[in-house]
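So you can see what is in the structure, the chains are spelled out below.
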Amino acid sequence: MQDDYARVAQENRCAPRTKIAIPSELSFGKSRKFKTVVHDLSVAGFSASAMRRLEPDQTGWLTLPGLQAISCKVVWWDRSIAGAAFDNLLDQAVLDDILRQWESPLGGGVTRSCLY
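As the structure is a computational prediction, the values presented were derived from the model and not from experiment.

Caption draft 1: Spatial organisation of the overall build of the protein chain. Scanning the protein chain from N- to C-terminus turns up two helices and six strands. Across the 116 residues of the protein chain, 41% fall into the buried class. When contacts within the protein chain are restricted to residue pairs at least 6 apart in sequence, those whose partners lie at least 24 apart make up 57%. With the model as given, the accessible surface of the protein chain reaches about 6,900 Å², and the carbon-plus-sulfur share is 53%.

This is the structure we're talking about:
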């Protein structure tokens, strides 16, 4: 699995990303969890609202509703939006289940920049 992730990470965003709006939580180091909204999601990573500045290579955990925390690493932060890569690829079946739960019935998720 690590070899698969290394290969995917070297290819610039080769995993399809789905625009979505999922209320979630992020935590980094010893800091408390903070609420966020995941704006896009793929097997390799996500982007989400982050009101405080996050630094590249910062290790953290994303908690999506109904799932255990998923370890990740910040890739970029720009004007209150952060992009992060998962430490291990999500299983495609898990991603499909998450997307089924959160995509709008008309197809394509709704994105928003506000926190819930």
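And the narrative resumes.
Caption draft 2: Geometry of the confidence of the model for the protein chain. Of the residues in the protein chain, 77% reach a pLDDT of 70 or more, and the chain-wide mean stands at 82. Low confidence marks residues 5-12, where pLDDT is under 50. Its contacts with residues over four positions away, or in another chain, come to nine contacts. The low-confidence segment residues 106-116 (pLDDT under 50) makes 28 contacts with residues lying over four places distant or belonging to another chain.

Caption draft 3: Region of the structure containing the sheet that holds strand β1 (residues 18-28). The strand order β1-β2-β3-β6-β5-β4 describes a closed barrel built from six strands, whose pairing is antiparallel. Strand-to-strand twist of the sheet, defined as the mean angle between neighbouring strand axes without regard to direction, takes the value 45°. Pairing of β1 with strand β4 (residues 59-63) involves four bridges; the strand directions are antiparallel. In the sheet register, serine 27 faces β4, and the bridge partner there is tryptophan 61.

Caption draft 4: Focus on unusual backbone geometry. A positive phi angle, near 75°, is found at aspartate 57, a position not held by glycine. Tracing the sequence through the fold places aspartate 57 in the loop between β3 (45-49) and β4. A relative accessible area of 57% places aspartate 57 in the exposed class. One non-glycine residue, serine 80, lies in the positive phi region at around 75°. By secondary structure assignment, the location of serine 80 is in the loop between β5 (70-78) and β6 (81-86). What makes serine 80 partly exposed here is its relative accessible area of 23%.

Calculation criteria
- Residues numbered from 1 in each chain as written.
- Predicted model: local features only at pLDDT ≥ 70, side-chain atom pairs only at ≥ 80, totals over all residues.
- Heavy atoms only, no water.
- Helix = DSSP H or I, 4+ residues; strand = E, 2+ residues; numbered from the N terminus.
- Buried < 20%, exposed > 50% of the residue type's maximum accessible area, 1.4 Å probe, protein only.
- Contact = heavy atoms within 4.5 Å.
- Areas by Shrake-Rupley, 256 points an atom, 1.4 Å probe, with all protein chains shown as cover.
- pLDDT = per-residue confidence, 0-100.
- Pairing = 2+ DSSP bridges.
- Axes fitted to C-alpha atoms, helices over the stretch in contact; angles between N-to-C directions.

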